[in-house]
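# Chains, contacts and geometry: an overview
Residue strings, one per chain:
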Amino acid sequence: MYGGYRVKSEKRKGSGAAVLAACLLLSAADQSAYGSQDFHRERGTSVEIGIHTETGIHRETGYSMEMEEDLPSSEADRDLLPASFSNIPMPRAALYASETETIDITGLADRDAVKAGIESALTAGKDVTVIGSKQGIHSLELSVPDQRRLVWRAKIESANPEDGEAILTVSGGSGSVLELAEGGAVADRSGNHDMSVCSFKDRLQVEITGGEISSASNHPELNVVDAADDVKLHMIGGRIDAEGGEKTGIYSSGDVVIEGGEIFSGSEDAAHCGKAISAKKVRISGGFLFGHGSSAEALVDA
């Protein structure tokens with residue numbers, strides 16, 4: 001089954017042209033015409049994109065699954081069952097279910113205290129939700145262990161970040177998830193920072209469901225979000241602000257799936273425009289992209 005959307009570019013009066021991307025479902029006839037292509041270009045300034053409805057990214061939902069009391073709660077428990085029950089599949093929630101700890105960073109002393117508080121809970125086998133706010137935080141590096149989830153609802157920002165270092169760097173492992181959720185924000189207030197706001201790596205699954213990532217830097221060719229080739233990035237809400245200067249909203253060496261949210265890119269002048277997304281592979285079925293330039297190619301590079 002395939003769905004899709006049409007991206008139209010619109011030239012406007014002034015020093016530069018603006019491009020708006022709005023997502024519209026194609027009719028069944030349109031869908032069959034485009035088949036399974038991920039990125040199909042036509043002549044002119046219109047771009048037709050066919051979208052796989054199956055994104056290839058599995059969102060873990062087992063954490064909220066309610067288990068019946070008589071089901072085995074671990075691999076060890078299952079071994080105690082009669083042989084006739086040996087083929088019962090273990091629900092993922094039973095294998096990796098954990099309690100969730102909420103950490104408020106507002107009263108923590110500094111970056112090291114924030115890191116220690118979050119990672120100590122994660123390594124103890126808990127999922128973690130981060131709340132609160134902290135100014136002056138930068139170069140924060142977090143590691144999410146295998147099968148753990150980190151939900152970011154906190155606000156951090158810095159006006160004087162270290163060059164060469166992201167505001168927030170998160171690495172993962174097998175089945176580890178970082179969710180940027182409603183209320184969360186990571187902001188670079190510097191006018192000349194040369195590094196990404198957020199950097200994601202090491203098999204991390206990133207889910208942007210809300211919140212905002214933004215950069216005020218005018219450094220050329222800056223990536224607001226930078227994701228390694230083994231990172232799966234899935235955006236269904238929230239906002240990425242790459243306005244002002246020739247920046248890219250999301251840069252990924254791997255796969256990016258956009259089903260919602262907003263990405264705003266800017267420009268230095270009419271000839272030097274930023275991009276909303278630059279990735280090895282992009283699939284888009286919803287959301288709103290805004291950028292500058294004379295064609296839709298100024299928005300997405302795949």
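Data block above holds the structure.
This text gives an overview of the structure that appears in the document. These figures come from a predicted structure and were not determined experimentally.

Parameters and conventions
- Residues numbered from 1 in each chain as written.
- Predicted model: local features only at pLDDT ≥ 70, side-chain atom pairs only at ≥ 80, totals over all residues.
- Heavy atoms only, no water.
- Core = buried A, V, L, I, M, F, W, Y, C linked by side-chain atoms within 4.5 Å.
- Buried < 20%, exposed > 50% of the residue type's maximum accessible area, 1.4 Å probe, protein only.
- Contact = heavy atoms within 4.5 Å.
- Helix = DSSP H or I, 4+ residues; strand = E, 2+ residues; numbered from the N terminus.
- Phe/Tyr/Trp six-rings, centres within 6.5 Å; stacked < 30°, edge-to-face > 60°.
- Lys NZ or Arg CZ within 6 Å of the ring centre and 35° of its normal.

It is characteristic of soluble globular proteins that their nonpolar side chains tend to be buried jointly. Counting 49 residues, the largest nonpolar core has I118 and W152 as its most contacted members. Ignoring any residue separated from it by four or fewer positions in sequence, one finds I118 in contact with I103, V128, V130, L142, L150 and W152.

Below, the discussion takes up unusual backbone geometry. The phi torsion at Q147 lies on the positive side, around 65°, for a residue other than glycine. Here Q147 lies in the loop between β8 (140-143) and β9 (149-152). Positive phi is not limited to glycine here, since R203 has a value of about 65°. Here R203 is to be found in the loop between β14 (198-201) and β15 (205-208).

Time to look at the side chain of S265. Tracing the sequence through the fold places S265 in strand β19 (residues 248-265). Residue contacts for S265: discarding those within four places in its chain leaves A242, E243, K247, G274, K275, A276, F290, G291, H292 and L299.

Glancing now at the packing of aromatic side chains. For the structure on display, the rule yields 2 aromatic pairs. Arranged with centres 6.1 Å apart and planes meeting at 40°, the rings of F264 and F290 form a pair that is tilted. Here the residue F264 occupies a position in strand β19, and F290 occupies one in strand β22 (residues 275-292), the gap between them amounting to 26 residues. Taken together through their ring pairs, the aromatic side chains of F264, F288 and F290 make up a single cluster. Between R239 and the ring centre of F264, over which it is positioned, the NZ or CZ distance is 4.1 Å.

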